[in-house]
Amino acid sequence: SPAEALLRAAYDKKPTSELGWALAREVQERDASQAQAILQKILSEDPKHAPAAWKLASMAEASGRVVDALEFYDRAVKADPKWTTAWRNRAELRFDRLDGGVVALRELTQASGHKRSTRALHLSSRMRMALDDRIGAQRDAEAALKIDASYAPAQRTLTKLDLDAGRTDRALARIAE
């Protein structure tokens, strides 16, 4: 594409992190391995480039390389400890693919301390359910609904908690809402 050609010429002339990031984003759909090589180069020259580490983590996770993904998420959160997306993605990966428990919940709680979101609260609720912490799961799901009352995953979590506790009328009322 013309944009890729311009970015490549600029990057070849002066390979800055910003130009490399733009070029990697431009080529990622067409050539993932080329995008990864550019992102790796960015990290080798600028180890604190959190977006490059995050993107490499996302690409590794998508291709099933969980250990590599976790390593890159580690680099992203180390480079930018307040970046909640990187923390949340790391916690989701740990929960879904690795230990599914206490470590992931602790990491998510740490990330959520920076910024609470419906998705982070719902993920915390799912983790608490897996750890059999029904009260914490309910608290987190309700907190997610205070942010966005229409957030269906949190509604489903509360409905399941009601059904598990034998509160059928309450579960039916949630479904009818």
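Residues numbered from 1 in each chain as written. Predicted model: local features only at pLDDT ≥ 70, side-chain atom pairs only at ≥ 80, totals over all residues. Heavy atoms only, no water.

Is there a simple way to think about the overall build of the protein in this case?
Along the protein, the regular secondary structure elements total 11 helices and 0 strands. Seen in sequence order, the protein has helices and strands lined up from the N terminus as α-α-α-α-α-α-α-α-α-α-α. By the burial criterion, 44% of the 177 residues in the protein qualify as buried. Of all intrachain contacts in the protein linking residues separated by at least 6 positions in sequence, the fraction that spans at least 24 positions is 42%. (Helix = DSSP H or I, 4+ residues; strand = E, 2+ residues; numbered from the N terminus. Buried < 20%, exposed > 50% of the residue type's maximum accessible area, 1.4 Å probe, protein only. Contact = heavy atoms within 4.5 Å.)

Please clarify how the packing of helix H1 (residues 2–13) against helix H2 (residues 17–27) should be interpreted in this entry.
Running from N to C, H1 and H2 cross one another at 150 degrees; their axes reach a closest spacing of 9 Å. When the axis of H1 is compared with that of H2, the two are roughly antiparallel. For the element pair H1 and H2, the recorded crossing hand is left-handed. Counting all contacts with H1, which are made through Ala-3, Glu-4, Leu-7, Arg-8, Ala-10 and Tyr-11, the residues of H2 involved are Leu-19, Gly-20, Ala-22, Leu-23, Glu-26 and Val-27. Its residues assigned to classes, the contact of H1 with H2 shows 8 nonpolar, 1 polar and 3 charged. (Axes fitted to C-alpha atoms, helices over the stretch in contact; angles between N-to-C directions. Parallel < 35°, antiparallel > 145°, perpendicular 65-115°, else oblique. Left-handed = near helix turned anticlockwise from the far one by under 90°. Nonpolar A, V, L, I, M, F, W, Y, C, P; charged D, E, K, R; others polar.)

Honestly, the confidence of the model for the protein in this entry has me stumped. Any pointers?
Should the pLDDT be low somewhere, the predicted coordinates at that spot are not to be read in detail. Averaged over every residue, the pLDDT of the protein is 85; the share at 70 or more is 89%. Of all secondary-structure elements in the protein, the lowest mean pLDDT belongs to helix H7 (residues 102–112), at 64, while helix H4 (residues 50–62) reaches the highest, 94. (pLDDT = per-residue confidence, 0-100.)

What is the right way to read the nonpolar core from this model?
One broad rule of soluble globular proteins: the nonpolar side chains tend to lie buried together. By size, the foremost hydrophobic cluster in this structure holds 27 residues, and its most contacted members are Leu-23, Ile-38, Leu-39, Ile-42, Leu-43 and Leu-93. For this core, the secondary-structure elements that each account for two or more residues are H1, H2, helix H3 (32–45), H4, helix H5 (66–79) and helix H6 (84–97). Among the elements that line this core, the one with the most residues is H5, at 7 residues. Once residues lying within four places of it in the same chain are set aside, the contact partners of Ile-38 are Tyr-11, Gly-20, Leu-23, Ala-24 and Val-27. Listed in part, the 10 residues of the second largest apolar core include Met-129, Ala-141, Tyr-151 and Leu-158. (Core = buried A, V, L, I, M, F, W, Y, C linked by side-chain atoms within 4.5 Å.)

Looking at this structure, how should I read the packing of aromatic side chains?
The description of an aromatic ring pair uses the distance of the two centres, along with the angle that the planes make with each other. Per the stated rule, a full pass over the model turns up 1 aromatic pair. Note on Trp-54 and Trp-83: the rings are 5.7 Å apart at their centroids and 50 degrees apart in plane angle, and the pair reads as tilted. With a gap of 29 residues between them, Trp-54 in helix H4 and Trp-83 in the loop between H5 and H6 connect regions that are remote in the sequence. (Phe/Tyr/Trp six-rings, centres within 6.5 Å; stacked < 30°, edge-to-face > 60°.)

Would you mind going over helix H9 (residues 134–147) with me for this structure?
The terminal C-alpha atoms of H9 lie 20 Å apart, and with 14 residues this matches the ideal 20 Å at 1.5 Å per residue to within 8%. Taken together, the buried positions of H9 are occupied by Gly-136, Ala-137, Asp-140, Ala-141, Ala-144 and Leu-145. Among the structural elements, helix H8 (118–130) and helix H10 (152–164) are those in contact with the buried residues of H9. (Expected span 1.5 Å × (residues − 1).)

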